[in-house]
Amino acid sequence: MSFQDQLMLWNHAALKVVDVRRSILAPGEVLPPSKLAASTFLCTVRGRAQLWLDQTPYATDLYPVCHTGKGTSYTVVEVSEPLEYYMILYKASLIMPSREELLRMQRASDPFQSAFGFAPHAPFSLLATVEKLYQQWLKNSALDKLHAKALFHQFIYETLQQLSVHKETATSQRLLEQAVQFMEENYAQKISLDLLANQLGCNPRQLQRLFKAELQIGPMEYLLRLRLERAKDLLTRMQAPLIQIAEAVGYSDSYYFSRMFKKYSGLSPSQFREQAGCRDNPSDLSPSYIVSQKTPMYSVTDENAIHYQCQNTGSSPITSEAHRLAQSKGGVTEATYRTISHRKGELDLAHTPEKIVVLDYQYIDQLFSLGHLPIGSVFGTSDTSVLLPENLSGKLEGIKRLGTKDEPDLVAIAETSPELIICTQIHEHLYEELVAIAPTVVLDRNEDWRVSLPVLGKMLGKEKEAQKVIDDFNQKIVSLKDALAAKMNGKTVSLIRPRDNMIRLHTTAHRTAKILYRDLGMAAPSMAIDSKRTSSFIGLDAMTELNADHLFVLKDDSNEELTREYQKSAIWKGLRVVKANQVSTFNTTMWIGYYGPIAINRVVDQIAEALL
């Protein structure tokens with residue numbers, strides 16, 4: 001049973017606390033076997049011992065939280081350190097009448113009877129809840145018992161939340177290992193991101209995020225490095241023709257292979273072979289970044305402004321050679337020659353590109369703020385009529401549509417004959433095909449526009465104009481921040497988007513939400529505070545716990561019906577923020593899609609209109 005199915009059963013269950021116990025065992029003491037009268041959580045506070053649930057052992061230092069079902073035989077042995085633990089016995093039953101689907105799910109795999117153990121990533125908050133529950137359970141009044149029941153529900157929520165993180169981490173690590181193993185075994189074959197994801201049974205974007213989080217590079221970048229390291233090994237050990245070396249590591253085009261090899265190593269394959277010297281002994285180079293821990297070619301240098309730099313020391317031979325060749329052409333000067341650093345290394349521009357294609361519509365906004373429109377762009381799949389402020393929306397008619405952000409049309413891109421392609425890390429799996437069409441720059445999609453705009457300004461030779469746009473915006477923010485501080489007085493604001501039959505809560509790490517929380521200094525509800533995840537999904541019933549003083553709702557064609565359904569519900573109508581008429585609705589495309597100074601200035605104006 002999937003974790004989501006388990007959550008569904010927990011959400012539809014009536015829960016009753018049967019007993020809460022606290023026990024302490026001394027070293028060497030043994031708890032004899034006995035049968036549990038109800039489903040049970042066992043939470044270890046301290047100590048080391050072996051807990052047996054039927055025939056399965058759990059070390060309390062490795063699995064401080066365990067669960068098992070009614071009738072399970074349990075015993076505690078091998079107590080090597082004083083053991084203190086709590087037992088929460090409970091009964092769970094589906095609220096009747098229940099859908100046949102839920103009953104079928106429970107018969108197939110009953111989460112209230114399942115046995116498992118895990119180590120929570122935040123044990124102190126969980127144990128604090130257990131201790132409060134135990135204290136309330138010892139009291140006899142009906143109100144105290146009701147409080148204990150509420151604390152048990154809180155315990156269940158915290159346990160499942162931490163269990164989901166635990167499962168996600170374990171699954172992600174296995175997925176990463178499988179992906180790396182597949183590429184190391186099949187690097188000579190044609191591998192795309194979609195093929196790799198299909199092999200592993202996961203989503204391509206999930207795989208991209210996993211590689212980026214764990215290895216700081218995308219899966220296709222990992223494959224590229226793997227192939228080039230294998231090529232180095234073959235070039236060092238063998239005198240085979242270059243075309244054979246290229247084919248052996250997955251490239252049918254030896255010219256393209258040579259270009260990529262020189263770009264990443266600074267030497268052509270022939271120069272590398274000559275410098276290394278061909279020898280019979282196998283090379284000791286290892287392609288695996290998990291095993292060898294080689295320094296990645298790119299690194300993050302700033303938490304909020306993410307820049308990627310080549311790790312080579314000194315000047316790159318390829319860069320200096322490109323610079324020399326560029327200057328040998330007529331009309332090229334130091335002022336027009338520019339080197340652009342991006343996620344894939346460096347791109348040398350000898351002339352200012354006029355025909356630019358963008359594969360993320362945020363760059364339409366950013367380029368136009370510098371007085372330049374791309375000749376082609378992908379577009380959003382919803383609210384196509386709601387684009388940007390009026391001064392820009394009419395100008396978009398002349399931009400050729402090149403598919404969507406997730407599925408760009410490569411044929412249409414090639415037909416535009418671009419001089420430059422700007423894309424993001426979600427297009428890394430297409431990078432080889434894009435650079436075959438035109439020089440390509442890969443930027444970080446979630447980067448603050450005040451970081452990416454100077455890069456675009458450098459491409460266009462408009463660094464001063466880019467800085468003025470940023471300075472004007474920052475000055476506007478400072479003025480509004482002071483006004484909001486006086487008006488809000490610490491009241492919280494939350495940004496949500498109904499989606500996929502849930503509610504997406506944008507956290508303090510989200511790039512648009514940062515305008516609210518970081519730039520304008522507004523307070524976030526505790527549920528929205530997260531430094532890593534940009535959003536989380538919550539149910540409609542969790543909106544009461546969110547308890548924001550002001551609510552910003554993002555709506556578009558894709559979620560209009562769901563938003564309307566939620567707003568008709570009794571839960572929504574009963575929210576404090578709704579009763580106080582402090583809910584504002586804005587367009588998703590404006591707030592999230594066209595992420596640049598034009599759209600974000602409009603967003604800031606809408607924030608001011610809503611709160612001042």
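For the rest of this paragraph, the subject is the confidence of the model for the chain. Do not read the fine detail of predicted coordinates wherever pLDDT is low. Residues of the chain with pLDDT of at least 70 account for 85%, and the chain-wide mean is 81. The weakest mean pLDDT in the chain belongs to helix α11 (residues 317-327) at 36; the strongest belongs to strand β10 (residues 356-358) at 96. Of the regions scoring below 50 in pLDDT, residues 279-335 engages in 94 contacts with residues more than four places distant in sequence or in other chains. Note that pLDDT drops below 50 for residues 384-390; the model gives that stretch 15 contacts with residues more than four away or on any other chain.

So, on to the nonpolar core. Formed by 124 residues in total, the largest nonpolar core has its most connected members in Met543, Trp591 and Ile607. In terms of residue count, the dominant contributor to this core is helix α7 (residues 219-237) (9 residues). Ignoring anything within four residues of it in the chain, the contact list for tryptophan 591 reads Leu495, Thr512, Phe552, Leu554, Phe586, Ile600, Val603, Gln606 and Ile607. The next biggest cluster of nonpolar side chains, apart from the first, holds 32 residues, and it includes Phe3, Trp10, Leu133 and Leu163.

A few words now on the side chain of aspartate 556. Here aspartate 556 shows up in the loop between β18 (550-555) and α20 (560-568). At 3.3 Å, the side chain of aspartate 556 and the side chain of arginine 497 are in polar contact.

One pair of aromatic rings is described through two measures. These are the centre distance and the angle between the planes. All told, the structure shown has 16 aromatic pairs when counted by the stated rule. Their ring planes at 40° and their centres at 6.4 Å tell us that phenylalanine 116 and phenylalanine 118 sit as a pair that is tilted. Overall, the relative accessible area of 1% leaves phenylalanine 118 in the buried class. Between phenylalanine 586 and tryptophan 591, the ring centres sit 4.7 Å apart and the planes meet at 20°, which makes this aromatic pair stacked. Each member of the pair, phenylalanine 586 together with tryptophan 591, is buried. Pairwise contacts between aromatic rings join Trp10, Phe41, Tyr90, Phe112, Phe152 and Phe155 into one cluster. One residue, arginine 227, lies across the ring of tyrosine 251, its end atom 5.3 Å from the ring centre. Across the ring face of tyrosine 431, the terminal group of lysine 344 is positioned such that the distance to the ring centre comes to 5.0 Å.

Let us look at the pattern of salt bridges. In total, this model carries 24 salt bridges according to the counting rule given. The partner of arginine 518 in a salt bridge is aspartate 448, and the shortest N-O contact between them spans 2.7 Å. One end of the pair, arginine 518, is in helix α18 (residues 513-519); the other, aspartate 448, is in the loop between β14 (440-443) and α16 (449-460), with 70 residues separating them in the sequence. Here arginine 518 falls in the partly exposed class, since its relative accessible area comes to 33%.

Quick notes on the rules
Along each chain, the written sequence defines residue order, and numbers are assigned to residues from 1. Only residues with pLDDT of at least 70 are given local features in this predicted model, and only at 80 or more are side-chain atom pairs given and counted; all residues enter the totals for whole chains, interfaces and linings. Hydrogens and water molecules were not included; the side-chain quantities draw on all heavy atoms of the structure. A score from 0 to 100, pLDDT tells how confident the predictor is in each residue. The numbering of helices and of strands both runs from the N terminus, where a helix is a DSSP run of H or I of at least 4 residues and a strand a run of E of at least 2. Here a residue-residue contact requires only that any non-hydrogen atoms of the pair lie within 4.5 Å. The criterion is simple. A nonpolar core is a set of buried Ala, Val, Leu, Ile, Met, Phe, Trp, Tyr and Cys residues joined through side-chain atoms within 4.5 Å. Per-residue accessibility, obtained with a 1.4 Å probe over protein chains only, is compared with the maximum for each type, and a residue is labelled buried under 20%, exposed over 50%, and partly exposed between these values. Side-chain atoms alone can form a polar contact between residues adjacent in sequence; in general such a contact is a pair of N or O atoms within 3.5 Å, and within protein one must be able to donate a hydrogen while the other accepts it. In this scheme Phe, Tyr and Trp rings, the latter by its six-membered ring, pair at centre separations within 6.5 Å, and the angle between planes marks the pair as stacked below 30 degrees, edge-to-face above 60, and tilted otherwise. The criterion is that NZ of a Lys, or CZ of an Arg, lies within 6 Å of the ring centre and within 35 degrees of the ring normal, and then a charge sits over that ring. A carboxyl oxygen of Asp or Glu within 4 Å of a side-chain nitrogen of Lys or Arg is what we treat as a salt bridge.

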